[in-house]
Amino acid sequence: MAFFSKLKERLFKSSSKLEEGLEAIVEDGGEEELVEESAKAAASTEADAPAPVDTTQDAPDVVPEPEPEPEPEPEPEPVAEVVEVEELTPEPEPEPLAAPVEALVESAPEAAAKPGLLGRMFGRREAKTVVRRTVDDDMLESLEDLMITSDMGVDTAMRVTANISEGYFGKKLSVDEIKSVLAAEVTRIMEPVAVPMPLYPKRPQVVLIVGVNGAGKTTTIGKLASQFTAAGKKVVIAAGDTFRAAAVEQLQVWGDRAGVPVLTAPEGSDPASLAFDAMTQAEADGADLLMIDTAGRLQNRADLMEELAKIVRVIKKKDETAPHNTVLVLDATTGQNALSQVETFQKLADVSGLVMTKLDGTAKGGVLVALADKFALPIHAIGVGEQIDDLAPFDPEDFARALIGITDRT
Ligand SMILES: Nc1nc2c(ncn2[C@@H]2O[C@H](COP(=O)(O)OP(=O)(O)OP(=O)(O)O)[C@@H](O)[C@H]2O)c(=O)[nH]1
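Residues numbered from 1 in each chain as written. Predicted model: local features only at pLDDT ≥ 70, side-chain atom pairs only at ≥ 80, totals over all residues. Heavy atoms only, no water.

(A) Molecular detail of the overall build of the protein chain. Along its length, the protein chain carries 17 helices and 11 strands. Burial status across the protein chain gives 51% buried among its 410 residues. Excluding contacts between residues fewer than 6 apart, the proportion of contacts in the protein chain whose partners are at least 24 apart in sequence is 82%. For the protein chain, the computed accessible surface area is about 18,600 Å², with 52% contributed by carbon and sulfur atoms. (Helix = DSSP H or I, 4+ residues; strand = E, 2+ residues; numbered from the N terminus. Buried < 20%, exposed > 50% of the residue type's maximum accessible area, 1.4 Å probe, protein only. Contact = heavy atoms within 4.5 Å. Areas by Shrake-Rupley, 256 points an atom, 1.4 Å probe, with all protein chains shown as cover.)

Structure representation (structure tokens):
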């Protein structure tokens, strides 16, 4: 399965929360508007469906109101009846041609739908309705609240709302149009931080993996080791959580899966000295990458955090440019707590990038937007499951569309 499909499927909890919220906002105070289009025209444009949406472009400044066709006067049908007719009709009713803003949103599959037989023969006009709500202070406030409850953070929510206000105040938008505008905003925030983990000519390149207990460090190391090995890199893993035999065993399982050696030390020994020895070994083996797992540490445990600082100091004794990457693994299900984790780990270790795990099964995926906006740290990869291929480089547009529930990409 392509990673975008997996992402949108697994970000379901986050996206459905946003979708439901947006629908409620537009329903509340929105007005049903008639949108009509000649079925003949729709049929004639069937072959050239709208080009794929590029949400990285700025959203348009103007939202044109749909212009009612002069004749014949269509009779608006109750929604329930329209649904019924559609159910009985073998082929779907045509969607009106997209107005400029609608072209920005996910109208492609509907717009490409075939008109009914009579419509195709006589080019009769088909009536459809869409609910749009005027962008005003109340609406913007509700939108801001929704973004906050979706873990995007207060500052980010305020900034995004201000941008939407600037471009759309007084205009009328449908749910799909708002989704599209929001996706463009989120993409814009995320684009600068979408940076794959950099690889350097330095051998071995030392990658220190840090994070709180259970964030997904070991799993992420296994997935990364597998991907780098597949890319032709010689990888060595060091099991730096010397206090938990189970953690070492788990890492060995991942090492076996990835076909990568795992260096260990006796239980209870100093993790800093293991890191030092592992560097010597990786150098002797001619490894390209040494990935050092570390024990999970709660950011409020000063002793454990000091131990991490010691690991960094000892690594530097061997190679003052190391660690070349210090990757902080964050668990998306912790929501806003991820922000304080970044702050604490940044003080102790020079965090160079982030990996966010467990975006599947949480409604808190929006926290990644808050992180990008607040810290501007590179996001190297995201995890959406426990399997070896459930980690992918971070793609801002795919993420934004999956988060907001735009599903029309093939
Ligand atoms: N659903 C899901 N589970 C994940 C993901 N990444 C890791 N996990 C699971 O999260 C749990 C903890 O992962 P670990 O890799 O052991 O986490 P850790 O940070 O090494 O944990 P400690 O060694 O205790 O600090 C395991 O059950 C993993 O299978 C992910 O992207 N999605």
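Once you've had a look at it, read on.
(B) Structural view of a negative patch on the surface. Taken together, the side chains of E20, E23, E27, D28, E32, D137, D138, E141 and D145 make up a negatively charged region of the molecular surface. Elements with a minimum of two residues in the negative patch: α2 (12-27) and α8 (137-149). Of the residues forming the negative patch, the biggest block, 4 residues, is contributed by α8. Along the polypeptide, E27 turns up in helix α2. Under the relative-accessibility criterion, E27 is labelled exposed at 56%. (Patch = residues over 30% accessible without salt bridge, like charges linked within 9 Å, V, L, I, M, F, W, Y side chains within 5 Å. Salt bridge = Lys/Arg side-chain N within 4 Å of Asp/Glu carboxyl O. Lys, Arg positive; Asp, Glu negative; His and termini not counted. Charge placed at Lys NZ, Arg CZ, Asp CG, Glu CD.)

(C) Summary view of the pairing of strand β4 (residues 205-210). Counting buried residues in β4 gives 6 out of 6 residues, a clear majority hidden from the surface. Both faces of β4 are covered, namely the face carrying Q205, V207 and I209 and the face carrying V206, L208 and V210. In terms of strand pairing, β4 meets strand β8 (residues 325-331) through 4 bridges, oriented parallel. Bridging from a neighbouring strand, V210 pairs with L328 of β8. (Pairing = 2+ DSSP bridges.)

(D) Spotlight on the pattern of salt bridges. Per the stated rule, a full pass over the model turns up 15 salt bridges. Between E31 and K172 there is a salt bridge, and its shortest N-O distance comes to 3.4 Å. Pair noted here: E31 is in strand β1 (residues 31-38) and K172 is in strand β3 (residues 172-174), with a separation of 141 residues, a long-range link. Between E306 and R313 there is a salt bridge whose closest N-O contact spans 3.3 Å.

(E) Spatial organisation of the environment of T149. Looking at where T149 falls in the secondary structure, it is placed in helix α8. Judged by its relative accessible area of 45%, T149 falls in the partly exposed class. For the pair formed by T149 and K364, sequence separation is 215 residues and the distance between their alpha carbons is 8.6 Å. A polar contact of 2.9 Å, which involves the side chain of T149, links it to the backbone oxygen of L146. (Polar contact = N/O pair within 3.5 Å; in protein donor to acceptor, adjacent residues only side chain to side chain.)

(F) Highlighting the confidence of the model for the protein chain. Confidence in the prediction for the protein chain averages 80 pLDDT; 76% of positions are at 70 or higher. Residue range residues 38-114 is modelled with pLDDT below 50. Its contacts to residues more than four positions away, or to other chains, number 119 contacts. (pLDDT = per-residue confidence, 0-100.)

(G) A look at the site of the ligand. Around the ligand there are 19 residues in total, and K217, T218, T219, D360 and E386 lie nearest to it. G383 is positioned with one of its backbone polar atoms (N or O) 3.4 Å from an oxygen atom of the ligand. Contact with the protein chains removes 81% of the 650 Å² of surface that the ligand exposes when unbound. Broken down by element, the shell around the ligand gets its largest block of residues, 4 residues, from helix α11 (residues 217-230). Classifying every residue of the shell around the ligand gives 3 nonpolar, 10 polar and 6 charged. (Near = heavy atom within 4 Å. Nonpolar A, V, L, I, M, F, W, Y, C, P; charged D, E, K, R; others polar.)

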